[in-house]
Amino acid sequence: MEIVKMKTEEPQNKTKLKITGAEAIIHCLLAEGVDILYGYPGGAIMPVYDELYKFQDKLTHILTRHEQGATHAAQGYARVSGRVGVAMATSGPGATNLVTGLADAQIDSTPMVCITGQVTRALLGSDAFQETDIIGISTPVTKWNYQITKAEEIPEIMAKAFYIAKTGRPGPVLVDITKNAQIDEFEFIYEKCTAVRSYNPVPKPDVKAIEAAADLINSAKKPMIVWGQGVILGKAEEELKAFVEKTGIPAAWTIMGASAIDSDHPLNVGMVGMHGNYGPNVLTNECDLLIAIGMRFDDRVTGNLDTYAKQAKVIHFEIDKAEVNKNVRADVAVLGNSKETLDLILPLVNENSHEEWHNEFKKKYEVEFEAVIKNDIHPTKEGLTMGEVIEQINIASGNKAVIVTDVGQHQMIGCRYAKFKESKSNITSGGLGTMGFALPAAIGAKMGAMDREVVAIIGDGGYQMTIQELGVIFQHNVPVKIVVLNNDHLGMVRQWQELFFDRRYASTVMVNPDFVKIAEGYHIESKRISKREDLQSTIEEMIASKNPYFLEVKVEKEDNVFPMIPSGASVSDVRLK
C-alpha cells in the first residue's frame, strides 16, 4: 500500500453532534489538521480504532511493529514537518512502551501528542488486566498529561493537548482515556484552544534587555555565537542568518541546531560539544562575549562548568525562563521567541567583520583538518571509515538529504560531516541518546517530507533495537534509505573502554546476523560493501533509487571519533587523538 496524504476536514465548531467518545477523538484529530498517526491497537483503545477504521479516507494510521517505534516515527514526522506528531497505544504495556519516546521528545523539545487507552473508570486502581498508572509514570517525561474519565471531557482536553504540545517550547503531551469515556455518547462541540490559564508559552521581550545585549555585542572584540534547536523551533533561521551576517560574529551550533544555517556559510564555524570541532570548543574559553541562542547549555556542550567560558560575558536568548541561569549564569537574558528577539535586536547592532578573530577559528580548523578530518573523509588506511561514507552521501545528495542518525560513533560522525543546505535536515536523539531511534524516526521523517531524500545512518547495535520497523517500510513502501555502518561493536562504548578502561572490552563485541538477508526478507533492495572502490557507485545507486534501500557498509572496527572532550573535562582539554 502506498502512502497517501489524506485531506482533513474540520467539523463545524458550533454544530452539536451526539457521538461516542471514540468518534469524538477522531473528530478532534481532524480538527487539529492531523493527517497521519502511528500506533498499535489493543483492548483498551479498541473503540477508537473501530472509529478510525470508518475514517480511513481522512486519516492515515500507520501500524508500527512496536509502540516505541510509533513515538519515534511521530518524532521524526514532527521534526521534519514542524507539525505535531501523534502516536496511539493501548493500556498497560502498550502505554509503558511509549515512555522512552516521550522522554526523548521531552528533552529534545519535540511536539507530540500520545493517546492511550485505559481500563474503565470503575476499575481504576484495582490492578485490573493491563492497568498501569501511566499518568504517574509519564509525569516526569511529559510537558503535560491528563486522564479523561468522562466522554464530555474529550473535546476540551484534546484541544488543550495540541495547544500545549506545539506552543512555546514544544514538548510531548499524553492523554489517557478510560474505556467508558470512549464508549459513552455526548453532544460534541469542538473549539480549538488558544490560551490556558497560568500558561505563558512565549514571554514578552524586554526592550531594556535587548538594548543591553546590543551594547555588549557592539563593544565585544571576540564575540562568539552558539545556536541550538530553539532557532529551528522558532522558525528563526533567516533572522539568525541576518544577525550573523550583519555582526560578522563566528557562529557555532549544537547537534540539535545543525542545519539552521547552511553548512558552507563562511560564518558557520562548526559544532560545539564532546565531539565537536576543535576551534569553537577551544575558543569558547577565549571569547569575551558568548551569545547563546535557543540552546540550554547541556553538559555535553559545556564540559566542566567550573571552567566554561569564565572569561566571557554571556547573553542568553531563550524562550524557556527555566533554562536561564540553570547551568550557566547569563549577564543578559533575552526572553522570547528567537524569531522575534533577533528581529528586534538587528537594528541595534553594528555592522562588523571581526576578521582577526575569525582567523583564530581558521587556524584551529587547519590543525583539526590535518590531525583528524583528513583521515576521516580521505583516509589512506585500507578499511572504510564512517566519515568517507557520510562524505559520499553529501556528494550524491547535493547536501540536500535529511540525515537521521541513531546514537553512537556513527551519530557523532554523521553530525560532524553531514552537510546541509536546508533547515530541519538533521534529525537525531540529542538529549536522551536513544539507541533504536533512527529507523522509525526516518520513517516518520519521510512521511513528513515525501519530497525530500531521507537517509538513516545507524550503527549495528542501535539498528537491532528497532529492526522490526522494517515491516512498516515494506507494508507502506516508504522510500527511506538505510545505511548501517557495521563495525561489529558497540562502537562508542568500545571507544571509551579503549581510552579510559585499559581496553577492557566488556560486552561490546557484537555477533551480528546477516543484515542483507533480513532486509531482503522484507523485500527491500539491499547491498553490502566493504571496499572503497565500491563506495561511490553504490551510494549513487542508493540515492537515485525511488524505492526503499538498505546498505550495509563494513567499516573499521577500531576507528575512534575525534576530537573528543573527556567526560568532566574542560572544553579547552580537547583530544585530537
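Every chain is numbered independently, its residues counted from 1 as its sequence is written. Restriction of local features to residues with pLDDT of at least 70 applies here, the model being predicted, together with a cutoff of 80 or more for giving and counting side-chain atom pairs; totals for whole chains, interfaces and linings are based on all residues. Just so you know, side-chain values use all the structure's heavy atoms and leave hydrogens and water out.

(A) The environment of Glu131, seen in detail. Numbering goes from the N terminus for both helices and strands, where a helix is a DSSP run of H or I of at least four residues and a strand is a run of E of at least two. Position of Glu131 relative to the elements: it lies in the loop between β5 (112–118) and α6 (134–138). Expressed as a C-alpha distance, the spacing of Glu131 and Cys287, which sit 156 residues apart in the sequence, is 55 Å. A contact between two residues is defined here by any heavy atoms of the two lying within 4.5 Å. Residue contacts for Glu131: discarding those within four places in its chain leaves Gln118, Val119, Leu123, Leu124, Gly125 and Ser126. Among the polar contacts made by the side chain of Glu131, one reaches the main-chain amide nitrogen of Asp127 at a distance of 2.9 Å. Within 3.5 Å is the distance limit for a polar contact, defined as a pair of N or O atoms, with the added protein rule that one can donate a hydrogen and the other accept it, and that residues adjacent in sequence qualify only through two side-chain atoms.

(B) Fine view of the sheet that holds strand β15 (residues 402–405). By this definition, two strands are paired if DSSP reports at least two bridges between them. With parallel pairing, the six strands of this open sheet are ordered in space as β16-β15-β17-β18-β20-β19. Only two strands of the sheet have a single partner each, and these edge strands are β16 (426–427) and β19 (525–529). In terms of strand pairing, strand β18 (residues 481–486) meets strand β20 (residues 549–554) through six bridges, oriented parallel. Its bridge partner being in β20, Ile482 is matched across the sheet by Phe550. With axes taken as lines fitted to C-alpha atoms, and helix axes fitted only over the stretch in contact, angles between N-to-C directions fall between 0 and 180 degrees. In the packing of helix α16 (residues 386–397) onto the sheet, contacts are made with β15, β17 (454–459), β18 and β20, and the angle to β18 comes to roughly 160°. Running at roughly 155° to β15, helix α17 (residues 409–417) makes contact with β15, β16, β17 and β18 of the sheet.

(C) Geometry of the domain arrangement of the protein chain. Throughout, the edges of the domains are those of an automatic or database domain assignment. Segmenting the protein chain into domains produces domain 1 (3–196), domain 2 (207–361) and domain 3 (378–554). Once you take the C-alpha centre of each, domain 2 and domain 3 turn out to be 30 Å apart. Facing 17 residues of domain 2, the contacting portion of domain 3 comprises 20 residues. Within this document, salt bridges are pairs made up of a side-chain nitrogen of Lys or Arg and a carboxyl oxygen of Asp or Glu, the two lying within 4 Å of each other. Notably, a salt bridge pairs Asp264 with Lys419, separated by 3.7 Å at the nearest N-O pair. For the pair domain 2 and domain 3, the number of links is seven residue pairs in polar contact (both at pLDDT 80 or more). Residues belonging to the side of domain 2 that touches domain 3 are distributed by class as follows: eight nonpolar, five polar and four charged. Ten residues, namely Ala, Val, Leu, Ile, Met, Phe, Trp, Tyr, Cys and Pro, are considered nonpolar, four, namely Asp, Glu, Lys and Arg, are considered charged, and the remaining ones, Gly among them, are considered polar.

(D) Molecular detail of the nonpolar core. Nonpolar cores are built from buried Ala, Val, Leu, Ile, Met, Phe, Trp, Tyr and Cys residues. Side-chain atoms within 4.5 Å join them into one set. Whether a residue is buried, partly exposed or exposed follows from its accessible area with a 1.4 Å probe, protein chains only, as a fraction of its type maximum: under 20%, in between, or over 50%, in that order. The biggest cluster of nonpolar side chains holds 96 residues, and the ones touching the most others in it are Leu290 and Ile293. Ignoring anything within four residues of it in the chain, the contact list for Ile293 reads Ile225, Val226, Trp227, Gly228, Val231, Leu240, Phe243, Phe317, Ser338 and Leu342. In terms of nonpolar packing, the next biggest core, distinct from the first, is built from 51 residues, Ala70, Leu102, Val484 and Val516 among them.

(E) Structural context of the sheet that holds β5. Taking strand neighbours across the sheet as the criterion, the six strands line up as β3-β2-β4-β5-β7-β6 in an open arrangement whose pairing is parallel. Sheet topology places β3 (60–63) and β6 (144–148) at the edges, where each strand pairs with a single neighbour. Put simply, the sheet's adjacent strands are angled 20° from each other on average, direction ignored. Looking at chain direction, strand β4 (residues 85–89) and β5 are connected through five bridges and run parallel. Paired with Met88 across the strands is Ile115, a residue of β5. Contacts between helix α3 (residues 67–81) and the sheet are confined to β2 (36–39), β4 and β5, with β4 contributing the most and set at about 170° to the helix.

(F) Representation of the side chain of Gln409. With respect to the secondary-structure elements, Gln409 resides in helix α17. One polar contact links Gln409 to Gln495, side chain to side chain, over a distance of 2.9 Å. Every residue in contact with Gln409, bar those within four places of it in the chain, is listed here: Met386, Asn487, Gly491, Met492, Arg494, Gln495, Asp559, Asn560 and Val561.

(G) Molecular detail of the layout of surface pockets. Taken as a whole, the second largest pocket encloses approximately 660 Å³ of empty space. What lines the second largest pocket is a set of 27 residues, among which Ser263, Asn268, Val269, Gly270 and Tyr365 lie closest to the centre. Looking at the lining of the second largest pocket, the elements that each hand over two or more residues are β11 (268–271), α12 (278–283), α15 (355–377) and α17. Here the lining of the second largest pocket gets nine residues from one element, more than from any other, and that element is α15. The definitions used throughout rest on a 1 Å grid laid over the protein atoms alone, on which a cavity is an enclosed set of points accommodating a 1.4 Å probe that cannot get out and a pocket is an open set flanked by protein within 12 Å on both sides along at least five of seven lines; lining residues are those having an atom within 4 Å of a point. Grid points are joined across faces, edges and corners, and a volume is the space filled by probe spheres set on the points.

(H) Main features of the environment of Lys246. On the secondary structure map, Lys246 appears in helix α11 (residues 237–247). For Lys246, a relative accessible area of 24% corresponds to the partly exposed category. Along the sequence, Lys246 and Glu351 sit 105 residues apart, while their C-alpha atoms lie 4.9 Å from each other. Each residue touching Lys246, except ones within four places of it in the same chain, is listed here: Leu346, Pro347, Val349, Asn350, Glu351 and Asn352. A polar contact of 2.9 Å, which involves the side chain of Lys246, links it to the backbone oxygen of Leu346.

(I) Highlighting helix α2 (residues 46–54). For α2, every residue scored as buried is listed here: Pro47, Val48, Tyr49, Glu51 and Leu52. At its buried positions, α2 is contacted by β1 (17–20), α1 (21–31), β2, β3, β4 and α8 (179–183).

(J) Expanded view of the packing of α16 against α17. For the pair α16 and α17, interaxial distance at closest approach is 9 Å and the crossing angle is 45°. Looking at the two axes, α16 sits oblique to α17. α16 and α17 meet at a crossing whose hand is right-handed. Between α16, through Met386, Gly387, Ile390 and Asn394, and α17, the contact on the second element is made entirely by Gln409, His410, Ile413, Gly414 and Tyr417. Of the residues that constitute the contact of α16 with α17, the class distribution is four nonpolar, five polar and no charged. Geometric relationships in this document are graded by angle, where less than 35 degrees denotes roughly parallel, more than 145 denotes roughly antiparallel, 65 to 115 denotes roughly perpendicular, and other angles denote oblique. Rotating anticlockwise by less than a right angle from the far helix to the near helix defines a left-handed crossing, while the corresponding clockwise rotation defines a right-handed one.

(K) Highlighting the pattern of salt bridges. In this structure the tally under the stated criterion is 26 salt bridges. In this structure, Arg296 and Asp298 form a salt bridge, with 3.4 Å as the shortest nitrogen-oxygen distance. Given the relative accessible area of 19%, Asp298 is considered buried. Across the salt bridge formed by Glu368 and Arg416, the nearest N and O atoms sit 2.7 Å from each other. Separated by 48 residues along the polypeptide, Glu368 in helix α15 and Arg416 in helix α17 bring together distant segments of the chain.

(L) Focus on the packing of aromatic side chains. Here is the rule: rings of Phe, Tyr and Trp (six-membered ring for Trp) pair when centre to centre is within 6.5 Å. Planes less than 30 degrees apart are stacked, more than 60 are edge-to-face, and the remainder are tilted. A complete count under the given rule lists eleven aromatic pairs for this structure. An angle of 70° between the planes, with centres 5.5 Å apart, marks the rings of Trp496 and Phe500 as edge-to-face. One end of the pair is Trp496 and the other is Phe500, both in helix α21 (residues 491–500) and four residues apart, which spans about a single turn. Residue Trp496 is classed as partly exposed on the basis of its relative accessible area, which comes to 23%. What makes Phe500 partly exposed here is its relative accessible area of 32%. Among the aromatic residues, those joined into a ring-pair cluster are Phe186, Phe188 and Tyr190.

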